[in-house]
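Structural overview
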Amino acid sequence: MQPLPEVGDLVRDTATGRVGFYVGNASGSVPASISGRCLIRPVHGGAEWEAEPADVQPATPLRELRARAAEINARSRRGLS
C-alpha cells in the first residue's frame with residue numbers, strides 16, 4: 001500500500017481520472033486507511049468527492065502543470081488574478 005499524500009498535494013483519482021487537491025479523509029479524525037475513503041477537492045473548486053485510497057496517486061508533473069494552469073486561467077476569467 002502506498003503512503004497517503006499530504007494535505008494540499010495534487011492527486012489523481014485513477015478510478016475516475018479526475019485531478020484535485022487531497023484535503024484529508026472522509027471521516028475526519030480516523031485515518032483514511034481505516035475509514036477507507038480519501039476526500040479530494042476539484043482544482044476549479046466545487047463539491048469534493050471521495051475516493052478509495054488505492055485509487056489516489058500523486059499527479060504527474062505534466063498533470064500538475066495542466067491543473068495549475070487551468071486554475072490560474074479560471075481565476076483570471078473571474079478577475080481574481
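To be clear, the structure that these remarks concern was listed above.
Residues numbered from 1 in each chain as written. Predicted model: local features only at pLDDT ≥ 70, side-chain atom pairs only at ≥ 80, totals over all residues. Heavy atoms only, no water.

A few points about the packing of aromatic side chains
Condition: Two rings from Phe, Tyr or Trp (for Trp, the six-membered ring) form a pair when their centres sit within 6.5 Å of each other. Planes less than 30 degrees apart are called stacked, planes more than 60 degrees apart edge-to-face, and all others tilted. Charge over a ring is defined by NZ of Lys or CZ of Arg lying within 6 Å of the ring centre and within 35 degrees of the ring normal.
Scanning the entire structure with this criterion turns up zero aromatic pairs. We note Arg18 situated over the ring of Trp49; from NZ or CZ to the ring centre the distance is 3.7 Å.

Comments concerning the nonpolar core
Our working rule: Joining through side-chain atoms within 4.5 Å is the link that ties buried Ala, Val, Leu, Ile, Met, Phe, Trp, Tyr and Cys residues into a set, and such a set is a nonpolar core. The rule is simple: take the accessible area with a 1.4 Å probe, protein chains only, and divide by the maximum for that residue type; under 20% is buried, over 50% is exposed, in between is partly exposed. Starting at the N terminus, helices and strands are each numbered in turn, a helix being any DSSP run of H or I of at least four residues and a strand any DSSP run of E of at least two.
Residues Val11, Tyr22, Cys38, Ile40, Trp49, Ala51 and Val56 constitute the largest nonpolar core, which totals seven residues. Elements supplying a minimum of two residues to this core: strand E3 (38-42) and strand E4 (49-51). Phe21, Val43, Ala59 and Ala67 belong to the second largest nonpolar core, which has five residues in total.

Concerning the pattern of salt bridges
Side chains bearing opposite charge may pair, as long as their charged atoms lie close to each other. Put simply, the test is: Take a side-chain nitrogen of Lys or Arg and a carboxyl oxygen of Asp or Glu: if they are within 4 Å of each other, that pair is a salt bridge.
One pass over the structure, following the stated rule, counts two salt bridges. The residue Glu50 makes a salt bridge to Arg37 at a minimum N-O spacing of 3.2 Å. Here the residue Glu50 occupies a position in strand E4, and Arg37 occupies one in the loop between helix H1 (32-35) and E3, the gap between them amounting to 13 residues. Given the relative accessible area of 27%, Arg37 is considered partly exposed. For Glu52, the salt bridge is made with Arg37, and the minimal N-O distance between the two is 2.5 Å. With Glu52 in the loop between E4 and strand E5 (56-58) and Arg37 in the loop between H1 and E3, this residue pair connects regions lying 15 residues apart in the sequence. Classification of Glu52 by relative accessible area gives partly exposed; the value is 36%. What emerges from the salt-bridge pattern is a single network uniting Arg37, Glu50 and Glu52.

Function cannot be read off these values alone, since they describe shape.
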